[in-house]
Structures are given as structure tokens and as C-alpha cells.
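The primary structure of each chain is shown beneath.
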Amino acid sequence: PKTRMVFGLSQLNRLKYYQLFSVDASFGYNWKGSISTEHNFNLLSITFAHLTNATRQFDDLLSTNPLLRKSFENQFIIGQNYSFTYNDQLKEDHKNHLYFKGSIDLSGNLLHLAQSLLLKRTATPEDPYKLLGTAYSQYSKVDIDLRKYFNTIGQTSSIAGRLIAGIGFSYGNSATLPYVKQFHIGGSNSVRAFSARGLGPGSYKIPDSVAKSFLDQAGDIKLEANTEYRFPIVSILNGALFVDAGNIWLLREDPDRPGGKFSGTRFLDEIAVGTGFGLRLDLSFFILRFDLAFPLRVPSMPSGERWVMTKIDFGSPSWRKSNLMLNIAIGYPY
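As a starting point, this report considers the structure included with it. Bear in mind the structure is a predicted one, so any value in this text is a computation, not a measurement.

What counts and how
- Residue numbers restart at each chain and count upward from 1, following the sequence in its written direction.
- In keeping with the model being predicted, local features are shown solely for residues with a pLDDT of at least 70 and side-chain atom pairs are shown and tallied solely at 80 or more, while totals for entire chains, interfaces and linings include all residues.
- Side-chain numbers here rest on the full set of heavy atoms in the structure, without hydrogens or water.
- Counting from the N terminus, the helices are DSSP H or I runs at least four residues long and the strands are E runs at least two residues long.
- Note that the radius of gyration is over C-alpha atoms, with the globule rule given as 2.2 Å times the number of residues to the power 0.38.
- When a residue's accessible area, from a 1.4 Å probe over protein chains only, is under 20% of the maximum for its type it is buried; when over 50% it is exposed; and in between it is partly exposed.
- Only the protein chains shown count as covering a residue, and every accessible area follows the Shrake-Rupley method with a 1.4 Å probe.
- Every residue pair with non-hydrogen atoms within 4.5 Å of one another is taken to be in contact.
- Note on pairing: DSSP must find at least two bridges between two strands before they are called paired.
- Here the axes come from fitting lines to C-alpha atoms, over the contacting stretch only for helices, and the angles between their N-to-C directions go from 0 to 180 degrees.

**A closer look at the overall build of the protein chain**
Of regular secondary structure, the protein chain possesses five helices and 14 strands. Computed over C-alpha atoms, the radius of gyration of the protein chain comes to 22 Å, within 12% of the 20 Å expected from 2.2 N^0.38 for 334 residues, which places it in the range of a compact globule. For the protein chain, the C-alpha atoms occupy an extent of roughly 70 × 55 × 40 Å along the three principal directions. Burial analysis of the protein chain (334 residues in total) assigns 43% to the buried set. In the form shown here, the protein chain has an accessible surface area of approximately 17400 Å², with 62% of it arising from carbon and sulfur atoms.

Given below as C-alpha cells:
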């Protein structure tokens, strides 16, 4: 068992829009239950997020979207989190390997309980409790990451699959999850046929006026599945064929993002699907990856028209410009 104390500073620079500066500190414990299992428990985890250098363009966007503005407000994230990891890759007698990680993240609950007993009033997102003059987030969040690797005969090629699911719910002190804790989808390690953070939520279609300026979308629920066939080509050059599917959703209705709320009867019809081919340069100490992907199903299209296989036209420059997505990354996506 190990005691872990962590302190960190980070800055996200979103060109033309904002900088997000955050301070993180945590105190907790890490221990292995066996060669395959590991536990990580943070008794106290604190994050302070501060939005700086917001441009006029980004301020205008926040002024028209109250929930987005709430998610970017300066706030403390203070609570506890726990994760359990199972990984049998060190077991030499296993031909096929399994990886699982489950996490739970809680924020603001104990602090909210203490202040509600002391202050004798009920906090709301409009009039929240504060810590050092700054409101703090209150939410619960759970997510899982399940991966399975199948080695073929001779172990020269393999099939890898992944399933990701997560949900986060804000309440009490918060109207929405903080931006740094929300779910995103799309990009080089996700659904590769769609741009990073440019998919969803649900069937919401980003207006052209917004898409030209700010694509980033976030949600409270995430569901994603990926599968990939990996094979050698020649020397250090390997290839892959892959299919990705998934989306994010909101738990609450957002008038500025119609179609974004999760529905138990509708969510399967809002799953995005993409496929493609990849080349990987295995340089031993790292892998340089090139994945070319295109969509098979677009949830922002009208219902009944979301499968777009019949529209695939590699010979059309306009189709290639609108649909082909080149992802360049370091390492495997999972």
C-alpha cells in the first residue's frame, strides 16, 4: 500500500476562445489486491478551475447559452473519488487479455451537508453555498472502461474491443457538471469519423454559424463502443481496420441544444457510427498512428436518414472534404 499526495497545475489554451487554468491537489491511497487488481482511493481531492483570457467571441457564445456559461464559472471541485482496475496482461498463461476500470467521483456532498446544518438555509444553483467566496460543484459521477484483446493464431494480429459508459448528475449547489468533468466524444481516441468534441449531444445539430466558431460539445451521459482488427504489413509498418460507435447525451433539457436530452426509447437511434483504415509505425519506444475515418451513421440527420452508406463517394472532392477525417496520434487508441 502507498500513500499518495499529488499537487499539479494545468492550463488549457483554446485558441481564439479562452484559457482554462486549474490547480489540483489530492491525498489518498493506492494498493494492489493481486497481480491483476489495483485500487486507488482519494480521501480528499480538490480542483480549482479559473477561466481566463476569454475572447469577445467566446463571451458572446456564453451569453446565449446559460448552461454552458454555468459549466465554465470559477468553482471549487472538492470531494472524494475511487477507482478499481483489473488487468490480466501480466498473466503469461492468458492468450487473450481483459482490462476493466471502474470509477466513482463525488464532489461537494460532505461540504454541502455541513453548511446546510450550520447555515440553516437551502442552497440552489442560483444562490449556492460558497468556499472562500467561490461556489463549489456538487455532483456524482460514475464511469467504466472495459477492453478485451484477442490474439490470433501465431499472435501476429489481434482484435481489440472497448466499451465505455458513464453518467454524471449535478444537484444541490450546481445546475450542471463543471466543464472539466463533463463527457466528450469524437477525435483520435474515440469515434474517429467525427472531430474531437464535435459529436452530440443526442441528435443535436450544431448550427453552421456556431460550427464555424466553436464545435466543442459536452454531456452528462456517454456510451461508446469500438472494435479494431490489427495486423502487420511489412517491417515496422502495421495496419488496422476499425469501427467506432457512440454518443453523449444530456440529463436535462437544454433549449439551446434541442434533441440533446437522453431518452430511453430514442437513444439507440442516436448512436453515431464510423469506420476506417489505419497505418501505425511501430518504433518500439512509441507508435505513430494515422487513422483515416468516415461516417456510416450521422445522428444529427433527420430520423430515417441517418445511415449514410449510400452517399459514400470517394471520387467526389466535396464528399471527401466533408466526410474524411484524418487522425494523427501517438500510441494505440486503447
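**Quick word on the environment of Leu 61**
Examined against the element boundaries, Leu 61 turns out to sit in helix H1 (residues 56-63). For the pair formed by Leu 61 and Phe 294, sequence separation is 233 residues and the distance between their alpha carbons is 29 Å.

**Things to note about the side chain of Thr 85**
Position of Thr 85 among the secondary structure elements: in strand S4 (residues 75-87). Residue contacts for Thr 85: discarding those within four places in its chain leaves Ser 36, Thr 37, Glu 38, Tyr 99, Phe 100 and Lys 101.

**Re the sheet that holds S4**
A sheet is described by the order of its strands in space; here twelve strands give the open sequence S1-S2-S3-S4-S5-S8-S9-S10-S11-S12-S13-S14, paired in antiparallel fashion. Taken across any chain shown, the strands that pair with only one partner, and hence form the sheet edges, are strand S1 (2-14) and strand S14 (325-330). In this sheet, neighbouring strand axes are inclined to one another by 20° on average, regardless of whether the strands run parallel or antiparallel. Bridging between strand S2 (residues 18-32) and strand S3 (residues 37-52) involves 14 bridges; their strand directions are antiparallel. Across the sheet, the residue bridging to Trp 31 is His 39, located in S3.

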